[in-house]
There are 2 protein chains.
Amino acid sequence: MIVSSDRLNISDIVSADLSFSELIENSLKRYLSGEDEHYDKLWQSMRYSVSAGGKRVRPLLTLEFCKLCGGDPASAVPFACGVELIHTYSLIHDDLPCMDNDDMRRGQPSNHIAFSEDTALLAGDALQSLAFEIMLCEDTLSRCDAKAAATAAFTLANYCGADGMVGGQVIDLEYEDKHADESVVSKIHLLKTSALIKAACLMGCIVAGADSEKLAAAEKYAECIGLAFQIVDDVLDVTSTTEELGKPVNSDADNDKSTMVSLLGVEECLRRADSLTAEALTALDAFDGDSSFLRDFATKLSKRRN
Amino acid sequence: MIVSSDRLNISDIVSADLSFSELIENSLKRYLSGEDEHYDKLWQSMRYSVSAGGKRVRPLLTLEFCKLCGGDPASAVPFACGVELIHTYSLIHDDLPCMDNDDMRRGQPSNHIAFSEDTALLAGDALQSLAFEIMLCEDTLSRCDAKAAATAAFTLANYCGADGMVGGQVIDLEYEDKHADESVVSKIHLLKTSALIKAACLMGCIVAGADSEKLAAAEKYAECIGLAFQIVDDVLDVTSTTEELGKPVNSDADNDKSTMVSLLGVEECLRRADSLTAEALTALDAFDGDSSFLRDFATKLSKRRN
């Protein structure tokens, strides 16, 4: 009944001998290969933003945690791609005139500039639907237990919705130009950034059938690297040049926006980022497998300079 | 790990002796009972549109088809509510200035007028996430087979996304003020209206474990009543008064928009609506149970005058 089109079948991709990065790129490409004579610009607009050069941090975390928990990363690919689609939709909507009104994203025109405002809005909406479509389609369920797939998709819905990423956006907009105390700034970081990273890590564990102790450890790791990432982001906004950062610096100060740096100062922020990174590394002790990628990743994140 | 909050638990509601309408209203209320000191206006904005007096056509179809296929309607309630949340998000985004720019919806200020444009955008986004959250949460899976839940949620994602409702929106905007032939207008109706009705009917059948013959019949019924509904809508736009219709009449003609009426005339449209309704009734012959509600519903839909 339900037309399950070729764009939802990645069995040939996941059965080939590919790196995690290749698995993610090839699968995203397949999932976004829709076309239609009447609404083709919708698919073009969706592809435009997904292929705009993101680092695929979240999908890599999903696959790494799946592997770390002894699962088959092939079964986690749809969930890895799902979290990337949610991340991409949030960026498209974030850039819209009624939100941050950003004309540029990753050095290219934002989606609503390259296409139009209505197309960008709808491309974001369709990317969110597509995320759930790929995580729950027949092809995905042929490699993943249905209960695990449902629970992983639930986790993403839970962390990207009102009590997760979107809630964080609302607070962020609310405090765009007024004073926020440390607890509010922390809450924004937790919801706006850590929530989706948590979903990415948890989904990898869930698909691998990890126990509750491992799920708790993965969530701790995700929370810490998410918070560290945002603190370093705030620091770079005041200490970098525009050239180094690839985007305007001092944007927060120009907006009178409260940040961890304006509240605590650069030195204390760097100390906290180090301490959060140490906490993330400790959380990984709960796993028996090879966590070297995740350790390197957490360390590099807090030492990054752009 | 995943915080499963009280707002996702409707076990007390579905175990009480309630009518389908009460099941839907009480469950929607519970699912939308989120609150937070910092982003409370997000939940308020979501509640505002969901409680704005829709007729709950889609959720009723889900529960009726579940019952007709011999399933327990209690297990279908989250899917009934899920399709209503998707419908509501689409109305909020539809009304935004960059889309139809409608200040009023169902006799009340549109969401972005009552709140703000950014809040309305985010409320729509969060309603879409919430739809998938409620269909896949632990409470839902306690009453519904995980494979059926995943497949039902997939169906909704499939029909509300790029190749469904959103694709239909894109074509509709494209032909807002230029000539479309009959095949294009039909395609808009199929995607923009019938797709979500199909998802509503199919989800009820899927949760009840219906076979492929019944799924095909439910899809046929949904397609026919969706098309009949849109044709009658076009007719009412030229034959009603604003008072009868509760919204501006002749809006399509004012826009130079091609409609079934402008292409075929009122008489041929009414003939087609009758013939589609007859086809919908024939499709119901595939079911053994009591289909009187669905038969009445299809008949009333084509005879409605507002």
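One numbering rule holds for all chains: residues counted from 1, following each sequence as written. Throughout, the order in which chains and ligands are written sets their labels, letters from A for the former and numbers from 1 for the latter. Note on the predicted model: pLDDT of at least 70 is required for a residue's local features to be given, and 80 or more for side-chain atom pairs to be given and counted; whole-chain, interface and lining totals, by contrast, use all residues.

Colleague: Could you clarify how one ought to interpret the overall build of chain A in this entry?
Modeller: On a plain count of helices and strands, chain A comes out with 17 helices and two strands. Its C-alpha atoms give chain A a radius of gyration of 19 Å, near enough to 19 Å, the size a compact globule of 306 residues would have. Expressed along its principal axes, the backbone C-alpha trace of chain A runs to roughly 55 × 50 × 30 Å. The buried share among the 306 residues of chain A stands at 56%. Contacts in chain A between residues at least 24 apart in sequence constitute 71% of all its contacts with a sequence separation of at least 6. Starting at the N terminus, helices and strands are each numbered in turn, a helix being any DSSP run of H or I of at least four residues and a strand any DSSP run of E of at least two. When we talk radius of gyration, it's over C-alpha atoms, and the globule rule is simply 2.2 Å times the number of residues to the 0.38. Exposure is read from a count of other C-beta atoms within 10 Å of each residue's own; the residue is exposed at 12 or fewer, buried at 20 or more and partly exposed in between. C-beta atoms are placed from the backbone. Residues are defined as contacting one another if the C-beta atoms placed from their backbone atoms lie within 7 Å.

Colleague: Teacher, can you tell me more about the interface of chain A and chain B here?
Modeller: Accessible area lost when the parts come together is the quantity often used to give the size of an interface. Chain A puts 54 residues into the contact, and the matching count from chain B is 54 residues. Those elements giving two or more residues to the side of chain A that touches chain B turn out to be α3 (40-50), α7 (117-136), α9 (146-160), α10 (165-174), α11 (182-207) and α12 (212-239) of chain A. The greatest single-element share of the side of chain A that touches chain B, amounting to 13 residues, is contributed by α7 of chain A. As a working rule, the residues Ala, Val, Leu, Ile, Met, Phe, Trp, Tyr, Cys and Pro are called nonpolar, Asp, Glu, Lys and Arg charged, and the rest polar, with Gly in that last group. Class assignment for the residues of the side of chain A that touches chain B results in 33 nonpolar, 12 polar and nine charged.

Colleague: Teacher, can you tell me more about α11 of chain A here?
Modeller: Note that an α-helix has 3.6 residues per turn; residues three or four places apart therefore point the same way. Residues and elements named next belong to chain A. For α11, with 26 residues, the first-to-last C-alpha span of 35 Å sits near the 38 Å given by 1.5 Å per residue. Counting buried residues along α11, 21 of its 26 residues qualify, which places the element largely inside the surrounding structure. Backbone geometry just downstream of α11 places Gly209 in the positive-phi region, at approximately 75°. Between the first and last residue of a helix there are one fewer steps than residues, each counted as 1.5 Å, and that sum is the expected span.

Colleague: Could you clarify how one ought to interpret the packing of helix α10 (residues 165-174) of chain B against helix α11 (residues 182-207) of chain B in this entry?
Modeller: Any two packed helices are characterised by how steeply their axes cross, that is the angle between the axes, and by the distance between the axes. Residue and element names in this part refer to chain B. Structural elements are reduced to axes, namely lines fitted to C-alpha atoms, with helices fitted over the stretch in contact, and the angle between N-to-C directions of any two is expressed from 0 to 180 degrees. The geometry of α10 relative to α11 is characterised by a closest axis approach of 8 Å and an angle of 145° between their N-to-C directions. Where α10 crosses over α11, the two elements pack in a sense that is left-handed. Facing Met165, Gly167, Gly168, Gln169, Ile171 and Asp172 of α10, the residues of α11 in contact are Val184, Lys187, Ile188, Leu191, Lys192, Ala195 and Leu196. Grouping the amino acids of the contact of α10 with α11 by side-chain chemistry returns seven nonpolar, three polar and three charged. Handedness of a crossing follows from how the near helix is turned relative to the far one, being left-handed for an anticlockwise turn of less than a right angle and right-handed for a clockwise one.

Colleague: What am I meant to see in helix α5 (residues 73-95) of chain A here?
Modeller: Under the 1.5 Å per step criterion, the end-to-end length of α5 of chain A is 33 Å for 23 residues, consistent within 8% with the ideal 33 Å. The element α5 of chain A is extensively covered by neighbouring structure, given that 23 of its 23 residues are classed as buried.

Colleague: Which parts of the structure should I look at to understand unusual backbone geometry?
Modeller: In most cases, non-glycine residues show a negative phi, while peptide bonds are predominantly trans. Residue and element names in this part refer to chain A. Backbone geometry at Arg56 places phi at a positive 60°, although glycine is not the residue there. When you line up the elements, Arg56 lands in the loop between α3 and α4 (57-68). By the C-beta count within 10 Å, which is 20 here, Arg56 ends up buried. Despite not being glycine, Arg106 shows a phi value in the positive range, around 50°. Topologically, Arg106 is positioned in the loop between β1 (104-105) and β2 (108-109).

Colleague: Got a minute to help me understand the environment of Cys205 of chain B in this structure?
Modeller: All names here are of chain B. Along the chain, the position of Cys205 falls in helix α11. By C-beta crowding, Cys205 is classed as buried, having 29 other C-beta atoms within 10 Å. Spatially, the C-alpha atom of Cys205 lies 21 Å from that of Gly161, the residues being 44 residues apart in sequence.

Colleague: Got a minute to help me understand the packing of α7 of chain A against helix α9 (residues 146-160) of chain B in this structure?
Modeller: The N-to-C vectors of α7 of chain A and α9 of chain B enclose an angle of 145°; their axes lie 8 Å apart at closest approach. For the pair α7 of chain A and α9 of chain B, the crossing hand works out as left-handed. The segment α7 of chain A lies against α9 of chain B, with Ser129, Phe132, Glu133 and Leu136 of chain A engaging Ala150, Ala153, Phe154, Ala157, Asn158 and Cys160 of chain B. Its residues assigned to classes, the contact of α7 of chain A with α9 of chain B shows seven nonpolar, two polar and one charged.

Colleague: Looking at this structure, how should I read the relation of the copies chain A and chain B?
Modeller: Two copies of one chain are present, and they are related through a rotation about an axis combined with an axial shift. Least squares is the method for superposing the copies, and the C-alpha atoms it fits come from residues with pLDDT of at least 70 in both. Each copy superposes on the other: chain A lies on chain B with an RMSD of 0.0 Å after a rotation of 180° and an axial shift of 0.0 Å. Here the transformation between the copies is reduced to the relation of a two-fold axis. By residue overlap, the copies meet face to face through one surface: 100% of the interface positions of chain A are interface positions in chain B.

Colleague: Where do I start with the environment of Glu117 of chain A in this structure?
Modeller: Turning to its location among the elements, Glu117 of chain A is positioned in helix α7. Here Glu117 of chain A falls in the partly exposed class, since 17 other C-beta atoms lie within 10 Å of it. When the C-alpha atoms of Glu117 of chain A and Gly164 of chain A are compared, they prove to be 25 Å apart, with 47 residues separating the residues in sequence. Among all residues touching Glu117 of chain A, those that are not within four sequence positions of it are Leu96, Pro97 and His112 of chain A together with Cys98 of chain B.

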